[in-house]
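Residue-level structural notes
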Amino acid sequence: MATAAHMLTPLPQLSRAVADWVNSVRELTTPRAIHWCEGGSSEMADFTAQLVRAGELKPLNAREFPGCHLYRSNPNDVARVEHLTYICSRSQQDAGPNNHWMDPGKAHAMLREFFRGSMRERTMYVIPYCMGPLDSPFARCGVEITDSLYVALSMLIMTRAGRGALERIARDGGFVRGLHSIGELDPERRFIMHFPEELSIESYGSGYGGNALLGKKCHALRIASWQARTEGWLAEHMLIVGIENPRGETHYVACAFPSACGKTNLSMLVPPASLPGWRVHTVGDDIAWLHPGADGRLWAINPESGYFGVAPGTNPATNSNAYQMIRRDTLFTNVALTADNQPWWEGLPGGKPVLDWQGRPYDPANGPAAHPNSRFTVSAKRNPIYSPHAEDAGGVPISALVFGGRRREVAPLVYEARDWKHGVLVGASVASETTAAAVGQVGVTRRDPMAMQPFCGYNFGDYWQHWLDVGARLAHAPRIYNVNWFRRDASGKFLWPGYGENLRVLTWMLDRCSGKAGAVETAIGLLPRPEDLNTAGLRTSPEALAALLSVDPALWRKEVADIRDYLGKFAERLPATLGAELDITEKRLG
Ligand code: SAT
Ligand code: MN
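Residues numbered from 1 in each chain as written. Chains lettered and ligands numbered in written order. Predicted model: local features only at pLDDT ≥ 70, side-chain atom pairs only at ≥ 80, totals over all residues. Heavy atoms only, no water.

1. A few points about the overall build of the protein chain
What counts here: Strands here mean DSSP runs of E at least two residues long; helices mean DSSP runs of H or I at least four residues long; both are numbered from the N terminus. Radius of gyration: C-alpha atoms only; globule rule: 2.2 Å multiplied by the number of residues to the exponent 0.38. Relative accessibility decides the category of a residue: with a 1.4 Å probe and only protein chains considered, values under 20% of the type maximum give buried, values over 50% give exposed, and everything between is partly exposed. It only takes one pair of heavy atoms within 4.5 Å for two residues to be counted as in contact. The method behind every accessible area is Shrake-Rupley, applied with a 1.4 Å probe, and residues are considered shielded solely by the protein chains displayed.
A tally of helices and strands in the protein chain yields 17 helices and 30 strands. At 23 Å, the protein chain has a C-alpha radius of gyration in line with the 25 Å of a compact globule built from 590 residues. Reported as C-alpha extents along the three principal axes, the dimensions of the protein chain are approximately 70 × 55 × 55 Å. When burial is assessed residue by residue, the protein chain has 59% of its 590 residues classed as buried. Here the contacts in the protein chain between residues at least 6 apart in sequence split such that 73% fall between residues at least 24 apart. As presented, the protein chain carries roughly 22200 Å² of accessible surface, and 51% of it is formed by carbon and sulfur atoms.

Below you can see the structure in the form of structure tokens.
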């Protein structure tokens, strides 16, 4: 069979704009060679083999984990660096109090000196990628240039990368420019810079996760949230999951939780045996791009094509789908190893670590064997419950939006917002205990509106107004909920079993959407009574359930005061609607 003409066109000739940019980066960074990524499994195999030869990847036990490898990042480079992440818009007000800001001219000048000659003696990889299905009108493209082969390989897993993306760029014209160099991996020379007005990203000095895989948080959230505001849609830190009831009807829910709060697990939920006939289909585990449709509903695509999930805690009991998914063709980063070369992390029922995540003989005195932010990188196609609609160009229709965080007290298991406007306040008020996904103290409660504190590319005041505007355009807006799987009792024990049992909360929401489930009105919104939840086979005690579904007015009055204080930081751009909604809640609390 003859090769199609477009397959014969060398990649650098497909898009003049990309070639010109690559050329200017080549002049600045002076790499030894340039590799344009074609995409596809043979390129991935080739990259993997090169990394193994260089000693950067270690093949794992081929019988138990065929096609799987271990990568160890520099111990000073193991999580996102929010304190070194900047939005460089022309006006500081546009970046807002929620972002670190630097003047774009100053940021470019500084980074230019960092990048000068930074790829000397190294290969520069050019990765054209598409966030979203290649044929989706909602998808947006970018090109990442990096001098890390591990990053290039990860991008091939996490995005639709290669020739198809570059062809789309040639058709679309525009693309997001993402320049990345690991530099010296010196925390003093590490910056993640975003230039939303130029649709560009410059990341220097880290090779880890969201700092370096620029399609993910940098493009699909920070830059895309800015683009989405201009274009009338939403780029959100949300999983997308389809819930199929025993009658075979599927409804989709999108849920925003901070990093490392169980989004991957919820998106791949395994229904408990006591809820027979229910099925779950994953559309996405981290990011949702939401578009108001002509039918007045909100439609979602997952811009990514893989998962960068937290390893610790993943096991056959908590998430058998995820565990099955990562048994093959998976890239593990910063996990521990057993004597027979299997990956190991805290929360696995069997096995014993002999080497910790830094490759040292395991010694509990050094802390956990696997880094708490150790990850698996795997293609979504490996997910046994990957939704047949995950690749639909038009996305899936969303029935409910869910916000949540990790809170030992205050927030009940679940409540429903009074309406969209109140829902925006509920999202804006989310607070959560910090996790190991970002450098800094773990377990400190902070506000994390819509789980977007580290990811919103512009002023939260404008962002909340944009949420209100999008809602006003939806004739059939999704209902909005808040959940908290992490409430604890006085002795610190979790009150709710979580994982598969969370389906009981999701089904209540969907029954609410179809007018079938009851609720009781409270000052903060609508809560299920215990009898409104399907508790068949649930082992939670009636007392625990009552505690989970309780609203303590004294705690909530304090919470409202705290929210008011927090929103006050955005006074210059805060929509009056949020203040008015907060007044309603406060009045109802008495
Ligand atoms: O941003 S990362 O991709 O490193 C992980 C996360 O915070 O969700
Ligand atoms: Mn995330």
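Once the structure has been displayed, the description carries forward.
2. Some details on the sheet that holds strand S22 (residues 353-355)
Rules: Pairing between strands is defined by DSSP: at least two bridges between the two strands are required.
The strand order across the open sheet built from 3 strands is S21-S20-S22, with neighbouring strands paired in antiparallel fashion. Two strands lie at the open edges of the sheet, namely strand S21 (343-344) and S22, each paired on one side alone.

3. As for the sheet that holds strand S2 (residues 57-59)
Let me state the cut-off plainly: A fitted line through C-alpha atoms serves as each axis, taken over the contacting stretch for helices, and the angle formed by two N-to-C directions is quoted from 0 to 180°.
Overall, mixed pairing links the 5 strands, which are arranged S2-S3-S19-S23-S18 in an open sheet. The strands lining the two open edges of the sheet, one partner per strand, are S2 and strand S18 (306-310). If you compare each strand with its neighbour and ignore which way they point, the axes differ by 25 degrees on average. Relative to strand S23 (residues 375-379), strand S19 (residues 331-333) runs antiparallel, the two sharing 3 bridges. Along S23, the bridge assignment pairs Leu331 with Thr377. Against the sheet, helix H6 (residues 149-158) touches S2, strand S3 (69-71), S18, S19 and S23, its axis set at about 125 degrees to S19.

4. Comments concerning the pairing of strand S17 (residues 298-301)
The sheet contact formed by strand S16 (residues 288-292) and S17 spans 4 bridges and is antiparallel. Looking at the pairing, Trp289 lines up with Ile301 of S17. Hairpin remark: S16 followed by S17, antiparallel, with 5 residues in the connecting loop; positive phi at Gly296, about 80 degrees. Sheet topology note: the S17/strand S24 (residues 396-404) ladder contains 3 bridges and is antiparallel. By the bridge assignment, Leu298 is partnered in S24 with Ile398.

5. What about the coordination of the manganese ion (ligand 2)?
Let me state the cut-off plainly: Distances up to 2.8 Å from the metal define which N, O and S atoms are donors, and 3.2 Å serves for Na, K and Ca; water is absent from the atom set, so sites may look incomplete.
Taken together, the protein donors to the manganese ion (ligand 2) comprise Lys217 (NZ), His237 (NE2) and Asp286 (OD), at separations of 2.0 to 2.2 Å. Each donor residue of the manganese ion (ligand 2) belongs to the same chain, with the gaps between them written as K-x19-H-x48-D. Of this pair, Lys217 sits in helix H9 (residues 215-231) while His237 sits in the loop between strand S12 (234-236) and strand S13 (238-244), placing them 20 residues apart in sequence. The two residues Lys217 and His237 agree in class, both being buried.

6. Observations concerning helix H17 (residues 576-589)
Note the threshold: To estimate how far a helix should extend, the number of its residues minus one is multiplied by 1.5 Å.
Helix length check: H17, at 14 residues, gives a terminal C-alpha distance of 20 Å against a target of 20 Å (1.5 Å per residue), a fit within 8%. Next to the buried residues of H17 lie helix H12 (420-428), helix H13 (460-472) and helix H16 (553-568). Phi turns positive one or two residues past the end of H17, at Gly590, with a value near 80 degrees.

7. Structural notes on the site of ligand 1
As a reminder, the rule being used: Residues are labelled near a given molecule or strand when at least one of their non-hydrogen atoms is within 4 Å of it. Side-chain atoms alone can form a polar contact between residues adjacent in sequence; in general such a contact is a pair of N or O atoms within 3.5 Å, and within protein one must be able to donate a hydrogen while the other accepts it.
Neighbouring ligand 1 are the residues Arg80, Gly209, Gly210, Lys216, Lys217, Ser259, Phe308, Arg375 and Ala437. Contact between ligand 1 and Gly210: an oxygen atom at 2.8 Å from a main-chain N or O atom of the residue. A distance of 2.7 Å separates an oxygen atom of ligand 1 from a polar side-chain atom of Ser259. The fraction of the free accessible surface of ligand 1 (260 Å²) that becomes covered by protein chains is 98%.

8. Quick word on helix H2 (residues 16-29)
An ideal rise of 1.5 Å per residue puts 20 Å on 14 residues; H2 measures up with 20 Å between its terminal C-alpha atoms. Among the residues of H2, those classed as buried are Val18, Ala19, Trp21, Val22, Val25, Leu28 and Thr29. Where H2 is buried, its residues touch strand S1 (33-36), helix H5 (104-115), strand S6 (123-131), strand S7 (140-146), helix H7 (163-172) and strand S9 (176-181). Where H2 ends, the next residue or the one after it, Thr30, has phi of about 45 degrees, a positive value.

9. Describing the nonpolar core
Under the convention used in this document: Here, nonpolar core means buried Ala, Val, Leu, Ile, Met, Phe, Trp, Tyr and Cys residues that are tied together by side-chain atoms lying within 4.5 Å of each other.
Ranked by internal contacts, the top residues of the largest apolar core, which has 153 residues, are Leu401, Trp464 and Trp467. Sorting elements by how many residues they give to this core places H6 first, with 9 residues. The contacts of Trp464, once residues within four sequence positions are left out, are Val424, Ala428, Pro449, Met450, Tyr566, Leu567, Phe570, Leu574, Pro575 and Leu578. In terms of nonpolar packing, the next biggest core, distinct from the first, is built from 32 residues, Met102, Phe115, Met193 and Phe195 among them.

10. Points about the packing of H12 against H17
Keep this limit in mind: An angle counts as roughly parallel when it lies under 35 degrees, as roughly antiparallel when it exceeds 145, as roughly perpendicular when it falls between 65 and 115, and as oblique in every other case. Residue type decides the class: Asp, Glu, Lys and Arg count as charged, Ala, Val, Leu, Ile, Met, Phe, Trp, Tyr, Cys and Pro as nonpolar, and the leftover types, Gly among them, as polar.
Where H12 contacts H17, the two axes come as close as 9 Å, and the packing angle between them is 90 degrees. With respect to each other, H12 and H17 are oriented roughly perpendicular. The segment H12 lies against H17, with Lys421, His422, Val424, Leu425 and Ala428 engaging Thr577, Leu578, Glu581, Leu582 and Thr585. Here the residues of the contact of H12 with H17 sort into 5 nonpolar, 3 polar and 2 charged.

11. A look at the pattern of salt bridges
What counts here: By salt bridge we mean one thing: a side-chain nitrogen of Lys or Arg within 4 Å of a carboxyl oxygen of Asp or Glu.
According to the stated counting rule, one finds 37 salt bridges in the structure shown. For Glu391, the salt bridge is made with Arg160, and the minimal N-O distance between the two is 3.1 Å. Taken together, the residues Glu391 in the loop between S23 and S24 and Arg160 in strand S8 (residues 160-161) connect sequence positions 231 residues apart. The exposure class assigned to Glu391 is partly exposed, which follows from its relative accessible area of 32%. Across the pair Lys216 and Asp286 runs a salt bridge whose closest N-O atoms are separated by 2.8 Å. In this pair, Lys216 is assigned in helix H9 and Asp286 in the loop between strand S15 (279-284) and S16, connecting sequence segments 70 residues apart. You'll find Lys216 and Asp286 in the same group, each marked buried.

12. A short note on the packing of aromatic side chains
The line we're drawing: A pair of aromatic rings is counted whenever rings of Phe, Tyr or Trp (Trp by its six-membered ring) have centres within 6.5 Å, and the orientation is called stacked for planes under 30 degrees apart, edge-to-face for over 60 and tilted otherwise.
According to the stated counting rule, one finds 24 aromatic pairs in the structure shown. Centre to centre, the rings of Tyr415 and Trp556 are 6.2 Å apart; their planes meet at 90 degrees, and the pair counts as edge-to-face. With Tyr415 in strand S25 (residues 414-416) and Trp556 in helix H16, this pair connects stretches of sequence that are 141 residues apart. Considered together, Tyr415 and Trp556 belong to a single accessibility category, that of buried residues. Between Phe460 and Tyr463 the ring centres are 5.6 Å apart and the planes differ by 45 degrees, which places this aromatic pair in the tilted class. Separated by 3 residues within a single helix, Phe460 and Tyr463 lie in helix H13, roughly one turn from each other.

13. A few points about the side chain of Ser200
Tracing the backbone shows Ser200 in strand S11 (residues 200-204). Residue contacts for Ser200: discarding those within four places in its chain leaves Arg177, Met193, His194, Phe195 and Ile223.

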